[in-house]
Amino acid sequence: MMLNQTGFSPASFILNGVPGLEDVHIWISFPFCSMYLVAMIGNCGLLYLIHYEDSLHRPMYYFLAMLSLTDLVMCSSTIPKALMIFWFRLKGIGFNECLVQMFFIHTFTGMESGVLMLMALDRYVAICYPLRYSTILTNPVIAKVGLATFLRGVILIIPFTFLTKRLPYCKGNIIHHTFCDHMSVAKLSCGNVKVNAIYGLTVALLIGGFDILCITISYTMILRAVVSLSSADARQKAFSTCTAHICAIVFSYSPAFFSFFSHRFGGHTIPPSCHILVANIYLLLPPTMNPVVYGVKTKQIRDCVIRIVSGSKDTKSHKI
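Cut-offs applied
Each chain carries its own residue numbering, running from 1 in the direction its sequence is written. Residue-level local features of this predicted model are given only where pLDDT is at least 70; pairs of side-chain atoms are given and counted only at 80 or more, and the full residue set underlies all totals for whole chains, interfaces and linings. Excluded from the side-chain calculations are hydrogens and water; all other atoms, namely the structure's heavy atoms, are used. Only DSSP runs of H or I covering at least 4 residues are called helices, and only runs of E covering at least 2 are called strands; the numbering of each starts at the N terminus. The globule rule used for comparison is 2.2 Å times the number of residues to the exponent 0.38, while the radius of gyration itself is calculated over C-alpha atoms. Note on definitions: a residue-residue contact is assigned when non-hydrogen atoms from the two residues lie within 4.5 Å. Computed by Shrake-Rupley with a 1.4 Å probe, the accessible areas treat only the displayed protein chains as cover when residues are assessed. For the charge count, each Lys or Arg is scored as positive and each Asp or Glu as negative, with His and the chain ends excluded. Charged side chains are reduced to one point each, which is NZ for Lys, CZ for Arg, CG for Asp and CD for Glu. Defined by distance alone, a disulfide is two cysteine sulfur atoms within 2.5 Å. Between N-to-C directions, angles cover 0 to 180 degrees, with each direction set by a line fitted to C-alpha atoms, over the stretch in contact for helices. Here a crossing is taken to be left-handed if its near helix is turned anticlockwise relative to the far helix by less than a right angle, and right-handed if that turn runs clockwise. Only Asp, Glu, Lys and Arg are considered charged in this grouping, and only Ala, Val, Leu, Ile, Met, Phe, Trp, Tyr, Cys and Pro are considered nonpolar; every other residue, Gly among them, is considered polar. We count a salt bridge whenever a side-chain nitrogen from Lys or Arg sits within 4 Å of a carboxyl oxygen from Asp or Glu. When accessible area is computed with a 1.4 Å probe and restricted to protein chains, residues below 20% of their type maximum are described as buried, those above 50% as exposed, and intermediate ones as partly exposed. Strand pairing is assigned whenever DSSP identifies at least 2 bridges connecting the two strands. Here is the rule for angles: anything less than 35 degrees is roughly parallel, anything more than 145 is roughly antiparallel, 65 through 115 is roughly perpendicular, and the remaining ranges are oblique. To count toward a patch, a residue needs a relative accessible area over 30% and no salt bridge; like charges are then connected within 9 Å, while nonpolar side chains (Val, Leu, Ile, Met, Phe, Trp, Tyr) are connected within 5 Å. UniProt positions are given in the numbering used here, feature names are shortened, and annotations may be inferred rather than shown by experiment.

(A) Expanded view of the overall build of the chain. The number of helices and strands found in the chain is 12 helices and 3 strands. For the chain, whose C-alpha radius of gyration is 22 Å, the value lies close to the compact-globule estimate of 20 Å for 320 residues. Expressed along its principal axes, the backbone C-alpha trace of the chain runs to roughly 65 × 40 × 40 Å. Considering only contacts within the chain whose residues lie at least 6 apart along the sequence, 77% involve residues at least 24 apart. In the form shown here, the chain has an accessible surface area of approximately 15,900 Å², with 70% of it arising from carbon and sulfur atoms. Side-chain charges of the chain comprise 24 positive and 13 negative groups, with the mean position of each set lying 6 Å from the other.

Now the structure itself:
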């Protein structure tokens with residue numbers, strides 16, 4: 001391992017891919033590549049529709065655009081490098097490059113959680129205060145809460161890079177992962193990583209715990225409002241506007257919960273390869289499925305796609 005003379009930091013790391021499954025890396029790459037292509041095409045398509053369709057210039061779709069941008073950055077921070085490992089065995093990554101990748105991964109996973117929370121609040125306002133929806137969620141308000149969510153992630157994640165950079169590394173430079181995860185890198189240090197572990201758990205609670213609490217409260221209020229409606233059709237119509245968002249929550253938080261609890265309660269029974277695959281699914285499944293779910297479940301988006309595919313000329317002026 002190459003070390004500099006001042007900070008005992010490696011010049012580079014080796015990302016070892018999925019340990020124990022090296023012989024099938026090429027087969028693992030096919031679903032990874034396919035899902036990544038679907039994620040890129042689907043999210044870029046959503047951004048195109050939201051930008052050019054006047055009928056989609058509404059708060060719900062602005063939040064969806066934030067989610068798509070977040071998904072694009074989140075999966076592009078990891079999957080191209082993973083495919084380089086699987087296809088060409090290009091496993092090297094510079095120390096600073098590793099820190100940058102770590103920063104982007106953790107910042108935008110936090111951003112993903114934050115946007116899902118904002119979308120839950122959007123559905124709460126739309127269902128519980130429909131007459132005030134456009135006056136509460138104005139464009140300046142949407143821009144401010146989106147910026148605040150992004151800055152929250154940046155401010156909380158920046159210390160990760162400094163906490164990791166300060167550590168002395170003397171346990172080799174091989175990371176048994178497809179990307180630079182915070183604790184996977186910190187475990188190579190011969191220094192005290194207790195601060196890193198405590199700070200990582202604190203950030204997870206501050207971001208994930210807070211967002212899940214807000215989502216839970218929002219849907220509790222939504223459920224109360226929907227149940228109080230007198231018409232069954234009105235109840236079904238009101239709750240149907242939430243189905244795509246609920247699916248997005250499931251796709252995002254399910255692998256996150258599995259990874260979180262398996263690391264703490266099943267670390268010795270679940271093989272490392274499973275942990276690494278789930279970590280990749282956590283970063284790849286939401287970007288892949290969110291455009292598909294919103295395209296299928298949202299009538300406005302579905303109608304816009306049909307008009308474009310059928311060659312309708314007046315797409316900008318059409319109102320739904």
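Back to the write-up after that little detour.
(B) Just the state of the cysteines, in detail. All chains considered together, the criterion is met by 2 disulfides. Disulfide pairing is shown between Cys98 and Cys180; the S-S distance is 2.0 Å. Because the torsion about its S-S bond is -125°, the bridge between Cys98 and Cys180 counts as left-handed. Of this pair, Cys98 sits in helix H4 (residues 95-128) while Cys180 sits in the loop between strand E3 (174-175) and helix H7 (182-186), placing them 82 residues apart in sequence.

(C) Up close: the packing of helix H1 (residues 25-52) against helix H11 (residues 272-297). Two elements in contact, H1 and H11, have axes separated by 8 Å at closest approach and are oriented at 35°. The interaxial crossing formed by H1 with H11 has left-handed handedness. Taken together, the residues of H11 that come into contact with H1 (itself represented by Ile28, Phe32, Met35, Tyr36, Val38, Ala39, Gly42, Asn43 and Leu46) are Leu277, Asn280, Leu284, Leu285, Pro287, Thr288, Pro291 and Val292. Looking at the contact of H1 with H11 residue by residue, the class counts come to 13 nonpolar, 4 polar and no charged.

(D) A look at the pattern of salt bridges. As enumerated under the stated definition, the model contains 4 salt bridges in all. As a salt-bridge pair, Arg152 and Asp211 come within 2.9 Å of each other at their nearest N and O atoms. With Arg152 in helix H6 (residues 139-165) and Asp211 in helix H8 (residues 194-227), this residue pair connects regions lying 59 residues apart in the sequence. Side by side, Arg152 and Asp211 carry an identical accessibility label, which is buried. Asp303 is paired through a salt bridge with Lys299; the nearest N and O atoms lie 2.7 Å apart. Remark: Lys299 and Asp303 occur in helix H12 (residues 299-310); sequence separation between them is 4 residues, near one turn of the helix.

(E) The sheet that holds strand E2 (residues 92-94), seen in detail. Reading across the sheet, the 3 strands line up as E2-E1-E3 and stay open at both edges, with mixed pairing between neighbours. Only two strands of the sheet have a single neighbouring strand rather than two, namely E2 and E3. Packing against the sheet, H4 makes contact with strand E1 (12-15), E2 and E3, and its axis sits at approximately 85° to E2.

(F) Layout of the packing of H1 against helix H3 (residues 79-88). The N-to-C vectors of H1 and H3 enclose an angle of 155°; their axes lie 9 Å apart at closest approach. Accordingly, the angle class assigned to the pair H1 and H3 is roughly antiparallel. Like other packed secondary-structure pairs, H1 and H3 cross with a definite hand, here left-handed. Mapping the contact onto sequence places His25, Ile26, Ile28, Ser29, Phe32, Cys33 and Tyr36 in H1 and Ile79, Pro80, Leu83, Phe86 and Trp87 in H3.

(G) Expanded view of the environment of Phe108. The topology assignment puts Phe108 in helix H4. Its relative accessible area of 12% is what places Phe108 among the buried residues. Note: C-alpha distance between Phe108 and Pro291 (183 residues apart in sequence) is 17 Å. Every residue in contact with Phe108, bar those within four places of it in the chain, is listed here: Thr70, Val73, Met74 and Phe150.

(H) Here's a closer look at H3. Residues of H3 that are buried include every one of Ile79, Lys81, Ala82, Leu83, Ile85 and Phe86, and no others. Buried-residue contacts for H3 involve E1, H1, helix H2 (59-76), E2, H4 and H11.

(I) Quick peek at a nonpolar patch on the surface. Together, Val24, Ile26, Trp27, Phe30, Met84, Trp87, Phe88 and Leu90 make up a nonpolar patch on the protein surface, roughly 790 Å² of accessible area in all. If you list the elements that add at least two residues to the nonpolar patch, you get H1 and H3. For Phe30, the position within the fold is in helix H1.

(J) Region of the structure containing the side chain of Gln101. For Gln101, the location among the structural elements is in helix H4. Those residues in contact with Gln101 that sit more than four places away from it in its chain are Ser77, Thr78, Lys81, Ile93, Phe179 and Cys180.

(K) Looking closely at the UniProt feature "transmembrane region" (unreviewed entry) in the chain. The UniProt record annotates "transmembrane region" (unreviewed entry) at residues 26-49, 61-88, 100-121, 141-163, 197-226 and 238-261. Counted over residues 26-49, helix gives 100% and strand 0%. Its end C-alpha atoms are 35 Å apart. Taken end to end, residues 238-261 has its terminal C-alpha atoms 34 Å apart, with 92% of it in helix and 0% in strand.

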